[in-house]
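Analysis of the macromolecular model
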Amino acid sequence: MTDSKYFTTTKKGEIFELKAELNSDKKEKKKEAVKKVIASMTVGKDVSALFPDVVNCMQTDNLELKKLVYLYLMNYAKSQPDMAIMAVNTFVKDCEDPNPLIRALAVRTMGCIRVDKITEYLCEPLRKCLKDEDPYVRKTAAVCVAKLHDINAQLVEDQGFLDTLKDLISDSNPMVVANAVAALSEIAESHPSSNLLDLNPQSINKLLTALNECTEWGQIFILDCLANYTPKDDREAQSICERVTPRLSHANSAVVLSAVKVLMKFMEMLSKDLDYYSTLLKKLAPPLVTLLSAEPELQYVALRNINLIVQKRPEILKHEMKVFFVKYNDPIYVKLEKLDIMIRLASQANIAQVLAELKEYATEVDVDFVRKAVRAIGRCAIKVEQSAERCVSTLLDLIQTKVNYVVQEAIVVIKDIFRKYPNKYESVIATLCENLDSLDEPEARAAMIWIVGEYAERIDNADELLESFLEGFHDESTQVQLQLLTAIVKLFLKKPTETQELVQQVLSLATQDSDNPDLRDRGYIYWRLLSTDPVAAKEVVLAEKPLISEETDLIEPTLLDELICYIGTLASVYHKPPSAFVEGGRGVVHKSLPPRTASSESTESPEAAPTGAPSAEQADVIPPQGDLLGDLLNLDLGPPVSGPPLATTSVQMGPVDLLGGGLDSLMGDESEGITGTNFTAPPAAVPATLGAPMGSGLNDLFDLNSGVGSLSGSYVAPKAVWLPAMKAKGLEISGTFTRQVGSITMDLQLTNKALQAMTDFAIQFNRNSFGLAPAAPLQVHAPLSPNQTVEISLPLSSVGSVMKMEPLNNLQVAVKNNIDVFYFSTLYSLHILFVEDGKMDRQMFLATWKDIPNENEAQFQIRDCPLNSEAVSTKLQSSNIFTVARRTVEGQDMLYQSLKLTNGIWVLAELRVQPGNPSLTLSLKCRAPEVSQHVHQAYETILKN
């Protein structure tokens, strides 16, 4: 009889009966009772009252009974920690049992009991099992270390288990190696800073040897570990690729994808001229094609990964177009994904085949799929210019079918074709206008309105067509309303005499009868432009439009490189980095492809270029984005603390709320309304524009460097990368701080590494130790195009809100653009805060030095500084550290110096310079002693640069 009988009883008083049976002398009865207990536990009954009785059954030679008791123990140990200690002796005993299965079972269960009290008792048995003669026990013990580390990381480190785990990587048994790698990888993920998996060519060789003999899951662990290794040169990368390639023919798709990940990553380091490179490309195609013959769910995962691979290296699958043709019985999610890849692989060589296939799909019954197929025809036209004519005639054939949703999709894509190839296919407009009445979807209506407005001069009855849309203006979606407003203004500029009434009507509908702010704003802008300067209106509204690009849905390069490192994981299915969907971000490490070596084409990957040493120093003080969010979302947005105006500017800027979204307040109160001759809208609604005083002020602000740099020789640190492009959706920010003639400047370099232009920049600082805040808005005068870099000098004031930071010189910054708000933090050297009037007179210096308590004195050594006292004094004075007095004692030059910070804190210094000795001794006294360490760092920075 099967074990199902244990799940059928629900008698009252059952616990007492079970208690009696568990304490029975008969072994068979005991086993039956434990099975009943486990059955009750499985269906959710509370049988924790039987804990001591079940634990007593542990003392048995019967493996089945022991397994059942261990199962019970794992479940209830947490709720009964005091009782669970009773089982410790048995564990210790079982770990020395002659039967390796029992030893392994004991060590596995120990790892699953998450009770702090017990863990320390388990260290000794675990140590023995890690060195057990049987590989089955060793591999189980390796995983147990990772579990124990999750419960009590400190204990595992103190007991030296991590070193034992590292030794297991050299084990003779491949499964032990695989489990050791899996355990170390798991531990390393929760401690990204620790260098646990210290991979070197020797250990990589051991892993590759074990790879051939492991089980499939062992192979996945090893391959994932290999993917985290960066070979020292292209020769080593090629050698690893050669030994990983056989995994591509494995039956398990997870092994195949892990192998593809390793190869895709290491191919970055291989030169494209190598014969091996082209061989590898050929070898990668068959396993990816084979994945598409699996069941639909696996196919979908494979297709999502192939989508990334095709974007990175389209040449791998360029001859495999046919395998992506859709089968009639494919589920919709597979069909849509295949369609996407077909477009990515479309080229002049295969476009005829692709178009024939797409035309076929457009007659299917599945509406979503048909829509996507029609869109795909349009994308082919934009991508492969030679096929555009064929695509347009295919779309016209589809419009003739008069199937409503096909017609609407066709009109949307024809609009894009007009944008890509102006003045080429406008002959089809008549056919489009015939289908005007059948359009009921916002996107199609908006596309048709755009076509009518754009080509109004070619359409005789354009005004009637647009007027027909205007009748139900308030029932239309925002998208259609905005398009209609623009189209009628275009029509008015092309045929002013016939359409004056129409334009009045639409402007009045948009500005007075609408409650949509976007529509109202656009209406007012057009109204003003038309009423004040029709010539300017013509230049703005009828301006030449840029041609649209072929691939608008490509993943941006920095994100794509990161996703390639996550092939075969959830990130590759979502097409998002793990930090976007893993809660708390624990254990999420940003990965990137290795840089190309000197022998390969270094020009291909701009991201791979070294960013200079300073960024490495900065990296360890910048907290992760999560830490900054809390502070920056609570930014104090009140007015700045009153203080002396900044010498460099005549304009006082109010603070900007970056996170509120609207940046209209950026202009302050300096605005003047523009009044037009026929403009009758209420004045409150007039958007502010920039007046003249503001303009002149900004010219002063951003012209700081002209004629100033030569006056002061204050030290300027080299620019460091503060915000890498990977963390800011393609925006890279580098910068440094300077002090020139009483004013502090943040010199920024913004680089756009994304695929789209960036606009609407603004900046905001969190409260900080010295009240640093922007003294003017962040001005990027033109959109920042892809691959463009712009240099900006942002003047800073030191009268902002104050909050003590850790460390003191930490500055947290939020930068906003049209894409998102990004956060970073950086450290500034304190010398930028040393003011020009920081020289004390001698009497005052002496009195203050005596007045500051001795415990506030700090002493530092400045090594490797072979300057004499004269040179030291001159160098420091250029950064506002003034020598008050100088004397020579026993052959040593003593410099007595003073400096003053922007917040009024004085720092007094005694600097001993011994001729011929490159070490200087610096003693600092200050009423705020926490500043001393940072002043010492400033001394080091100035003297050594």
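With an unreviewed UniProt entry as reference, the chain is termed AP complex subunit beta, source organism Echinops telfairi. A UniProt comment under Sequence similarities (unreviewed entry) is attached to the chain, and it reads "Belongs to the adaptor complexes large subunit family." As stated in UniProt under Subcellular location (unreviewed entry), the record for the chain gives "Endomembrane system".

**Focus on the overall build of the chain**
Secondary structure summary: the chain contains 39 helices and 13 strands in total. Across the 945 residues of the chain, 51% fall into the buried class. Pairs at least 24 apart in sequence give 68% of the contacts found in the chain among residues at least 6 apart. By element, 51% of the accessible surface of the chain is carried by carbon and sulfur atoms, the whole surface being about 43800 Å².

**Quick word on the sheet that holds strand E10 (residues 882-889)**
What the five strands build is an open sheet, ordered E9-E13-E12-E11-E10; its pairing is antiparallel. One side of each edge strand has no neighbouring strand; the edge strands of this open sheet are strand E9 (857-862) and E10. This sheet shows a mean twist of 20° between the axes of neighbouring strands, independent of strand direction. Strand direction decides the pairing type here: E9 and strand E13 (residues 920-926), joined by six bridges, are antiparallel.

**Overview of the side chain of Arg304**
Relative to the helices and strands, Arg304 is located in helix H19 (residues 296-312). Among residues more than four places away in sequence, those in contact with Arg304 are Glu337, Ser572, Val573, Tyr574 and His575.

**So, the environment of Ser785**
Tracing the sequence through the fold places Ser785 in the loop between strand E5 (773-774) and strand E6 (789-797). Ser785 sits in the partly exposed class, given a relative accessible area of 33%. Sequence separation between Ser785 and Met758 is 27 residues; the distance between their C-alpha atoms is 6.5 Å. With residues up to four places along the chain from it excluded, the contact list for Ser785 reads Asn752 and Ala757.

**Some points on the environment of Asp167**
Relative to the helices and strands, Asp167 resides in helix H12 (residues 161-168). Look at Asp167 and you get exposed, because its relative accessible area is 55%.

**Topic: the pattern of salt bridges**
Following the criterion strictly, the structure yields 33 salt bridges and no others. For Arg379, the salt bridge identified is with Asp340, shortest N-O distance 3.3 Å. Residue Arg379 is found in helix H22 (residues 367-383), and its partner Asp340 is found in helix H20 (residues 332-345); the two are separated by 39 residues along the sequence. A single network of salt bridges, built from pairs that share partners, joins Arg371, Arg375, Glu409, Glu441 and Glu443.

**What to know about the sheet that holds strand E8 (residues 821-827)**
Ordered by their spatial adjacency, three strands build an open sheet running E4-E7-E8, and the pairing between neighbours is antiparallel. At either end of the open sheet lies a strand with only one pairing partner, and these are strand E4 (762-765) and E8. This sheet shows a mean twist of 25° between the axes of neighbouring strands, independent of strand direction. In this structure, strand E7 (residues 810-816) lies alongside E8, joined through seven bridges in antiparallel fashion. Paired with Ala814 across the strands is Tyr823, a residue of E8.

**Thoughts on unusual backbone geometry**
With an omega of -5°, the peptide bond between Glu806 and Pro807 qualifies as cis. Along the chain, Pro807 turns up in the loop between E6 and E7. You will see that Lys729, though not glycine, has its phi angle at about 50°, which is positive. Of note, Lys729 is situated in the loop between strand E1 (720-723) and strand E2 (731-740). Judged by its relative accessible area of 39%, Lys729 is partly exposed. Its identity is not glycine, yet Asn880 carries a phi of approximately 70°, on the positive side. Summarising the element assignment, Asn880 is placed in the loop between helix H38 (869-877) and E10. A residue is classified by how much of its surface remains accessible, and Asn880, at 10% relative accessible area, is buried.

**Quick look at the pairing of strand E3 (residues 743-752)**
In terms of residue burial, E3 counts as a mostly covered element, since nine of its 10 residues are buried. In this sheet, E3 lies alongside E2 in antiparallel orientation, the contact comprising 10 bridges. Note that in E3 the partner of Gln740 across the bridge is Ser743. Hairpin connection from E2 to E3: two residues lie between these consecutive antiparallel strands, with Val741 at a positive phi of about 45°.

**Some points on the packing of aromatic side chains**
Throughout the structure, instances matching the rule amount to 11 aromatic pairs. Plain terms: the ring middles of Phe845 and Tyr896 are 6.2 Å apart, the flat faces sit at 75° to each other, and that makes the pair edge-to-face. Placement of Phe845 in helix H37 (residues 842-851) and of Tyr896 in strand E11 (residues 892-900) is noted, with a sequence separation of 51 residues between them. For the pair shown, Phe845 and Tyr896 are each scored as buried. Through a chain of ring-to-ring contacts, the aromatic side chains of Trp722, Phe737, Phe824 and Tyr828 assemble into a single cluster.

**Thoughts on the packing of helix H30 (residues 517-532) against helix H31 (residues 534-541)**
The geometry of H30 relative to H31 is characterised by a closest axis approach of 6 Å and an angle of 135° between their N-to-C directions. Our classification of the angle between H30 and H31 gives oblique. Note on element contacts: H31 touches H30 through Pro534, Ala536, Ala537, Val540 and Val541, opposite Tyr526, Leu529, Leu530 and Thr532. Class assignment for the residues of the contact of H30 with H31 results in eight nonpolar, one polar and no charged.

**Some points on the packing of helix H2 (residues 27-42) against helix H4 (residues 63-76)**
Interaxial distance between H2 and H4 falls to 10 Å at its minimum, and their mutual angle equals 35°. For the pair H2 and H4, the crossing hand works out as left-handed. Of the residues in H4, those in contact with Lys31, Val34, Lys35, Val37, Ile38 and Met41 of H2 are Glu64, Leu65, Leu68, Val69, Leu71, Tyr72, Asn75 and Tyr76. Across the contact of H2 with H4, the residue classes tally to 10 nonpolar, one polar and three charged.

**Observations regarding the pairing of E10**
In the case of a regular strand, side chains alternate between the two sheet surfaces. Two elements, E10 and E11, share seven bridges in a ladder whose sense is antiparallel. Following the sheet pairing, Ala885 is matched in E11 by Tyr896. Counting the residues between successive antiparallel strands, the hairpin from E10 to E11 contains two residues, one of them, Glu890, with a positive phi of roughly 50°.

**Description of a negative patch on the surface**
Side chains of Glu464, Glu467, Glu471 and Glu501 sit close together on the surface and give a patch of like negative charge. By the secondary structure assignment, Glu501 is in helix H29 (residues 500-511).

**Describing the nonpolar core**
Among the nonpolar cores identified, the biggest contains 213 residues, and Tyr72, Phe91, Leu126, Leu358 and Phe418 are the most heavily contacted of them. Excluding residues within four positions of it along the chain, Leu126 makes contact with Val107, Met110, Ala141, Cys144, Val145, Leu148 and Phe161. Formed by 60 residues, the second largest nonpolar core is a distinct cluster that contains Leu778, Val780, Tyr828 and Phe860.

**Digging into the side chain of Thr164**
Tracing the chain through its elements places Thr164 in helix H12. Here Thr164 is in contact with Leu130 and Lys131, once residues within four sequence places are set aside.

**Comments concerning the environment of Pro546**
Here Pro546 is to be found in the loop between H31 and helix H32 (557-564). Take Pro546: its relative accessible area is 60%, and that puts it in the exposed class. Separated by 126 residues in sequence, Pro546 and Lys420 place their C-alpha atoms 8.6 Å apart.

Each value, and the rule that gives it
Residues numbered from 1 in each chain as written. Predicted model: local features only at pLDDT ≥ 70, side-chain atom pairs only at ≥ 80, totals over all residues. Heavy atoms only, no water. UniProt positions renumbered as here; feature names shortened; annotations may be inferred. Helix = DSSP H or I, 4+ residues; strand = E, 2+ residues; numbered from the N terminus. Buried < 20%, exposed > 50% of the residue type's maximum accessible area, 1.4 Å probe, protein only. Contact = heavy atoms within 4.5 Å. Areas by Shrake-Rupley, 256 points an atom, 1.4 Å probe, with all protein chains shown as cover. Pairing = 2+ DSSP bridges. Axes fitted to C-alpha atoms, helices over the stretch in contact; angles between N-to-C directions. Salt bridge = Lys/Arg side-chain N within 4 Å of Asp/Glu carboxyl O. Phe/Tyr/Trp six-rings, centres within 6.5 Å; stacked < 30°, edge-to-face > 60°. Parallel < 35°, antiparallel > 145°, perpendicular 65-115°, else oblique. Nonpolar A, V, L, I, M, F, W, Y, C, P; charged D, E, K, R; others polar. Left-handed = near helix turned anticlockwise from the far one by under 90°. Patch = residues over 30% accessible without salt bridge, like charges linked within 9 Å, V, L, I, M, F, W, Y side chains within 5 Å. Lys, Arg positive; Asp, Glu negative; His and termini not counted. Charge placed at Lys NZ, Arg CZ, Asp CG, Glu CD. Core = buried A, V, L, I, M, F, W, Y, C linked by side-chain atoms within 4.5 Å.

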